[in-house]
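# Reading the structure
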Amino acid sequence: MKYIQGHLVQASIAGALEKILRADTGAIASDSALSDRDANFKLEVKVEMELVPTAAVSIVNIRYKNICYVNIVLPAVDERQPLPYPEFIDLISFGLHEICHVKYSNTDAWDLTMTDFFLGADSTRKQRKFLFDLVNGLEDPRIEKCGIDNFKFSGLKGYFEGIANGVLSESGMPAPDDFKNLPFLLAIAGRGLNGYNIQMLKDFDWSKCPWEKESKIALKKSQKAKSTETVIKIALELFNSIQKYLKKEEQQKQPQESEEDQEDQEEDQEEDQEEGQESGEDEGAGDDTGDEGNKDPREQNEGAGEDLDSSEDDSEGTKEYSFDDYSNDPAREVEPSRRNDNFK
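Bear in mind the structure is a predicted one, so any value in this text is a computation, not a measurement.

A count of helical and extended segments in the chain gives ten helices and five strands. Taking all contacts inside the chain whose residues are at least 6 apart in sequence as the whole, residues at least 24 apart take part in 78%. When the accessible surface of the chain is summed, it comes to about 16,800 Å², and 46% of that surface belongs to carbon and sulfur atoms.

Shown next, in the form of structure tokens:
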């Protein structure tokens, strides 16, 4: 196995990201973290490594001339020890993922999910964080797909596929009825719809997931989403539709809907019904949706043989689920993450 000397990792990652960005001339989404006037700015990336479990963008919108400076924070490595090459590639992948957030995510709108803007003043922090994570689980595959489609660098799919398989090799898939880890499941299943070859997703039993139907509808809609705002709307619909599965004390009290919201919801329901009549099975996560379906035959295996419409709505009134189920399995980080086990 090849290794990278620990003290060279940070500079090597920065160099790799710079090389990839140099080949990228794709426009920045108008609703991203950068404003419209930044669309022609060149991204200049600085890499920092800290004792954090997940990658993140720490600073955006520091501008000088035609350059927009972005700080990418990555999980630290021990500079005294060689780093296995696969882990080095993972860190580059984390950086590329965060760059896609910079180019394609509207973090201002996303951050509103942690306030009472969407769920109201009666919502708890746990409920807001769950909505935030649902957005994360649906947004991550979307922005990676945007990167794959728009970057001139042709290797992004391989990097992102490695992220998903690497995370799963450490943690495995969550239990199908682990409510609090639904965002993580969405993040993996959405990447399956992107055409990534994820073996553990092939083996996932959707029939044991009580909120299978609601999840697959959200996943299919998010594949067509063009903005973070649309993803937030999809996540909010999912959040509301799965409340019936929770214990009563954990359910979110629904705010009074305006007439406009009710009309939008009725239109969405009509669209869902029409899509369901076209095909039940093709709404499964990893089924033949999106342009990549013909590139990766594993997409036909997810939820194999499961008709989306087979999930009856009579689940309401049966077993109640809780954020505290599977307490030995904590809520997974939706963003790409790695352990710092070797850092002493």
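Continuing now.
Attention now moves to the pattern of salt bridges. Side chains that carry opposite charge are capable of pairing whenever their charged atoms lie near each other. Under the defined criterion, the tally for this structure stands at 13 salt bridges. A salt bridge links Lys129 to Asp133; its shortest N-O distance comes to 2.8 Å. Pair noted here: Lys129 and Asp133 are both in helix H4 (residues 125-150), with a separation of four residues, about one helical turn. Residue Lys129 is classed as partly exposed on the basis of its relative accessible area of 32%. By relative accessible area, which is 15% here, Asp133 ends up buried. Lys145 is the salt-bridge partner of Asp149, the closest N and O atoms lying 2.6 Å from each other. Of this pair, Asp149 and Lys145 both sit in helix H4, separated by four residues, roughly a single helical turn.

What follows is about the nonpolar core. Val9, Ile13, Met49, Leu74, Leu91 and Leu182 are the most contacted members of the largest nonpolar core, which has 77 residues in total. For this core, the element with the highest residue contribution is helix H2 (residues 85-104), accounting for nine residues. For Met49, the residues in contact, after removing those within four places along its chain, are Val9, Gln10, Ile13, Leu74, Pro75, Ala76, Val77 and Leu91.

Taking burial as the measure, the nine residues of strand E4 (residues 67-75) include seven buried ones, the bulk of the element. In the sheet, strand E2 (residues 42-50) pairs with E4 via nine bridges, with the strands oriented parallel. Opposite Met49, over in E4, you have Leu74 as the bridge partner.

Glancing now at helix H1 (residues 9-22). For H1, with 14 residues, the first-to-last C-alpha span of 20 Å sits near the 20 Å given by 1.5 Å per residue. Among the residues of H1, those classed as buried are Val9, Ile13, Leu17, Ile20 and Leu21. For H1, the angular spread of buried residues about the axis comes to 100 degrees, placing them on one side. What points out from H1, more than 90 degrees from its buried face, is the exposed set Ala11, Lys19 and Arg22.

The next subject is the packing of aromatic side chains. Tallied over the entire structure, the rule returns twelve aromatic pairs. When the ring of Phe153 is compared with that of Tyr159, the centres are 6.0 Å apart and the planes differ by 45 degrees; the resulting orientation is tilted. Judged by relative accessible area, Tyr159 falls into the buried class, the value being 19%. The ring of Tyr85 carries the charged tip of Lys2 above its face, separated from the ring centre by 4.4 Å. Here the guanidinium or amino end of Arg332 rests over the ring plane of Phe184, the centre of that ring lying 5.1 Å away.

Examined against the element boundaries, Phe204 turns out to sit in the loop between helix H7 (199-202) and helix H8 (212-224). What Phe204 contacts, discounting residues up to four positions off in sequence, is Met173, Pro174, Pro176 and Leu185.

Under the 1.5 Å per step criterion, the end-to-end length of H8 is 19 Å for 13 residues, consistent within 8% with the ideal 18 Å. Taken as a whole, H8 has its buried residues at Glu212, Glu214, Ser215, Lys216, Ala218, Leu219, Lys220, Lys221 and Ser222.

The next thing to look at is the packing of H2 against helix H5 (residues 156-171). Between H2 and H5, whose axes approach to 9 Å, the crossing angle comes to 110 degrees. Overall, the two elements H2 and H5 adopt an arrangement that is roughly perpendicular. Contacts between H2 and H5 involve Ile89, Asp90, Ile92, Ser93, Phe94, Leu96, His97 and Cys100 on the former and, on the latter, Leu156, Tyr159, Phe160, Gly162 and Ile163. Here the residues of the contact of H2 with H5 are counted per class, giving nine nonpolar, three polar and one charged.

Here we take up unusual backbone geometry. The backbone of Tyr326 sits at a positive phi, close to 55 degrees, despite the residue not being glycine. Secondary-structure assignment places Tyr326 in the segment after helix H10 (259-278).

Next up on the list: the side chain of Asn106. Here Asn106 is to be found in the loop between H2 and helix H3 (107-111). There is a polar contact of 3.2 Å between the side chain of Asn106 and the backbone nitrogen of Asp108. Side-chain polar atoms of Asn106 contact the backbone nitrogen of Ala109, separated by 3.2 Å.

Reading the values: the criteria
- Residues numbered from 1 in each chain as written.
- Predicted model: local features only at pLDDT ≥ 70, side-chain atom pairs only at ≥ 80, totals over all residues.
- Heavy atoms only, no water.
- Helix = DSSP H or I, 4+ residues; strand = E, 2+ residues; numbered from the N terminus.
- Contact = heavy atoms within 4.5 Å.
- Areas by Shrake-Rupley, 256 points an atom, 1.4 Å probe, with all protein chains shown as cover.
- Salt bridge = Lys/Arg side-chain N within 4 Å of Asp/Glu carboxyl O.
- Buried < 20%, exposed > 50% of the residue type's maximum accessible area, 1.4 Å probe, protein only.
- Core = buried A, V, L, I, M, F, W, Y, C linked by side-chain atoms within 4.5 Å.
- Pairing = 2+ DSSP bridges.
- Expected span 1.5 Å × (residues − 1).
- Arc of directions from axis to C-beta.
- Phe/Tyr/Trp six-rings, centres within 6.5 Å; stacked < 30°, edge-to-face > 60°.
- Lys NZ or Arg CZ within 6 Å of the ring centre and 35° of its normal.
- Axes fitted to C-alpha atoms, helices over the stretch in contact; angles between N-to-C directions.
- Parallel < 35°, antiparallel > 145°, perpendicular 65-115°, else oblique.
- Nonpolar A, V, L, I, M, F, W, Y, C, P; charged D, E, K, R; others polar.
- Polar contact = N/O pair within 3.5 Å; in protein donor to acceptor, adjacent residues only side chain to side chain.

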